[in-house]
Amino acid sequence: MATEPSTNQSVEKAASVLAAFLDGRALRVSDVAKHAGLGQSTASRLLTTLESLEYVERDPVSGLYRLGPALLTLAGVAINQHPVHREARPAAQILAGTLGLGVNVAVRHGSSLFYLCNFEGRLAPKSFTLMGQRNPLHATGIGKCLLLALTPAQRRELVPDLHRYTPRTICDHDELDSVLDLVAQRGYATEVEELALGRSCVAAPILGQSRDIVAALSISGPLSALGLADGDPELASTVIEVADSISVGLGYLGPRHAPATRP
């Protein structure tokens, strides 16, 4: 028992070393030490251990460290265990290929959304994957759908300050409430340059067996490919239809109806 606190601290330090790589850059030992708040000798020792386990790897020429293949194995196992990912992946992949646009599926983790999968079509190419990344709830179409699961009071407690990413980002809770009322009414959300200039998306919620919103699906791409500024009912219908099919696969049986009254 005496060694338990020390063991816990070692695990926490190793986790902080791995977290230093979340911005996607290869790092020097000094960079890792600074990010993790560790001494350089401690960081170097932890990196050596993590390298032996293939959680990080070191470029033999530059000497810089990056995340290693063992994490890919763990990530693959983790994502394949998620029921929403298993159900949504085939439909999202087919939709991206058919439309040529980006298709994303995400769930809410705390105060941000977490991407379970994404596919990019020919009209919306990316050199990176969104899977495993996080984005704000209030500035994305998927996030707006996920916020429908919360009351206005819960939303204000979860995200008290709505950060501005572009001039079009919604930064007022009352305005966000009005937008979410419209999303609930029509069954889909849109986002036009609220997170990044030149980008837009349309999204719909995914429901589980308990009729709760468990995830959301979006179709995204450049403004030139998505005509959302003036509305695109056909694209909205498509995203709702695919989201509904995923919901059914997860066990959603539709709205609860009151039992018929006997004569």
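Residues numbered from 1 in each chain as written. Predicted model: local features only at pLDDT ≥ 70, side-chain atom pairs only at ≥ 80, totals over all residues. Heavy atoms only, no water.

Peer 1: Whenever I open this one, the sheet that holds strand 8 (residues 213-222) confuses me. Can you help?
Peer 2: Hydrogen bonds between backbone groups are what pair the strands of a sheet, and the pairing can be parallel or antiparallel. Taken in spatial order, the 6 strands of this open sheet run 5-4-3-8-7-6, and their pairing is antiparallel. Strands at the two margins of the open sheet, each flanked by one partner only, are strand 5 (134-136) and strand 6 (189-192). Across the sheet, the axes of successive neighbouring strands diverge by a mean angle of 35°, strand direction being ignored. Sheet topology note: the strand 7 (residues 199-207)/strand 8 ladder contains 9 bridges and is antiparallel. Its bridge partner being in strand 8, Ile206 is matched across the sheet by Ala215. Where helix 9 (residues 233-249) meets the sheet, its contacts fall on strand 7 and strand 8, and the angle it forms with strand 7 comes to roughly 30°. (Pairing = 2+ DSSP bridges. Helix = DSSP H or I, 4+ residues; strand = E, 2+ residues; numbered from the N terminus. Axes fitted to C-alpha atoms, helices over the stretch in contact; angles between N-to-C directions. Contact = heavy atoms within 4.5 Å.)

Peer 1: Is there a simple way to think about the domain arrangement of the chain in this case?
Peer 2: Per the domain assignment, the segments making up the chain are domain 1 (9-72) and domain 2 (80-250). Summarising the inter-unit geometry, the C-alpha centres of domain 1 and domain 2 are found 33 Å apart. (Domains from an automatic or database assignment.)

Peer 1: So what exactly am I meant to see when it comes to the pattern of salt bridges here?
Peer 2: Enumeration over the complete set of coordinates arrives at 9 salt bridges. Note that Arg66 is salt-bridged to Glu57, the shortest N-O span being 2.9 Å. Relative accessible area serves as the criterion here: at 36%, Arg66 is assigned to the partly exposed category. Put simply, Arg155 and Asp177 hold a salt bridge, and the shortest N to O gap is 3.0 Å. Separated by 22 residues along the polypeptide, Arg155 in helix 7 (residues 152-158) and Asp177 in helix 8 (residues 173-186) bring together distant segments of the chain. For the pair formed by Arg155 and Asp177, the shared burial category is buried. (Salt bridge = Lys/Arg side-chain N within 4 Å of Asp/Glu carboxyl O. Buried < 20%, exposed > 50% of the residue type's maximum accessible area, 1.4 Å probe, protein only.)

Peer 1: Just to check I follow, could you spell out the side chain of Asn118 for this structure?
Peer 2: Inspection of the secondary structure assignment puts Asn118 in strand 4 (residues 112-119). Here Glu120 takes part through its side chain, which lies 3.0 Å from a polar atom of the side chain of Asn118. Excluding residues that lie within four positions of it along the chain, Asn118 makes contacts with Val103, Asn104, Thr129, Leu130 and Met131. (Polar contact = N/O pair within 3.5 Å; in protein donor to acceptor, adjacent residues only side chain to side chain.)

Peer 1: Honestly, the nonpolar core in this entry has me stumped. Any pointers?
Peer 2: A general feature of soluble globular proteins is that nonpolar side chains tend to end up buried together. With 29 residues, the main nonpolar core has Val105, Val202, Ile206, Leu217 and Ile219 as its most contacted residues. Elements with a minimum of two residues in this core: helix 5 (83-99), strand 3 (102-109), strand 4, strand 7, strand 8 and helix 9. If one sorts the elements of this core by residue count, helix 9 sits on top with 6 residues. Once residues lying within four places of it in the same chain are set aside, the contact partners of Ile219 are Leu95, Leu99, Leu101, Gly102, Ser200, Cys201, Val202, Leu226, Leu235, Thr238 and Val239. (Core = buried A, V, L, I, M, F, W, Y, C linked by side-chain atoms within 4.5 Å.)

Peer 1: Help me understand the UniProt feature "domain: HTH iclR-type" (unreviewed entry) in the chain in this model?
Peer 2: Per the UniProt record, "domain: HTH iclR-type" (unreviewed entry) is annotated on residues 8-69. Overall, residues 8-69 shows 55% helix and 10% strand. The separation of its end C-alpha atoms is 24 Å. (UniProt positions renumbered as here; feature names shortened; annotations may be inferred.)

Peer 1: It is not clear to me how the environment of Gly100 should be interpreted in this structure. Could you clarify?
Peer 2: Mapped onto the secondary structure, Gly100 falls in the loop between helix 5 and strand 3. With 25 residues separating them in the primary sequence, Gly100 and Pro125 have C-alpha atoms 9.0 Å apart.

Peer 1: It is not clear to me how the pairing of strand 6 should be interpreted in this structure. Could you clarify?
Peer 2: Note on strand geometry: in a regular strand, side chains alternate between the two faces of the sheet. Here strand 6 runs beside strand 7; their pairing, made up of 4 bridges, is antiparallel. Bridging from a neighbouring strand, Val192 pairs with Ser200 of strand 7. Between strand 6 and strand 7, which pair antiparallel and follow one another directly, the connecting turn spans 6 residues, one of which, Glu193, has a positive phi of 55°.

Peer 1: So what exactly am I meant to see when it comes to the packing of helix 5 against helix 9 here?
Peer 2: Working note: a packed helix pair is described by the angle between its axes plus the distance between those axes. Viewed as axis vectors pointing N to C, helix 5 and helix 9 meet at an angle of 160°, and their least axial separation amounts to 9 Å. It follows that helix 5 is roughly antiparallel to helix 9 by the angle criterion. The handedness of the crossing between helix 5 and helix 9 is right-handed. Mapping the contact onto sequence places Glu87, Ala88, Ala91, Leu95 and Leu99 in helix 5 and Leu235, Thr238, Val242, Ile246 and Gly249 in helix 9. A per-class count over the contact of helix 5 with helix 9 returns 7 nonpolar, 2 polar and 1 charged. (Parallel < 35°, antiparallel > 145°, perpendicular 65-115°, else oblique. Left-handed = near helix turned anticlockwise from the far one by under 90°. Nonpolar A, V, L, I, M, F, W, Y, C, P; charged D, E, K, R; others polar.)

Peer 1: How do you make sense of the pairing of strand 8 when you look at a structure like this?
Peer 2: Of all 10 residues in strand 8, 8 are buried, a share of seventy percent or more. Note: strand 3 against strand 8, 5 bridges, orientation antiparallel. Bridge pairing in strand 8 links Ala106 to Ala216. Here strand 7 hands over to strand 8 after 5 residues, with Arg211 in that stretch at a positive phi of 70°.

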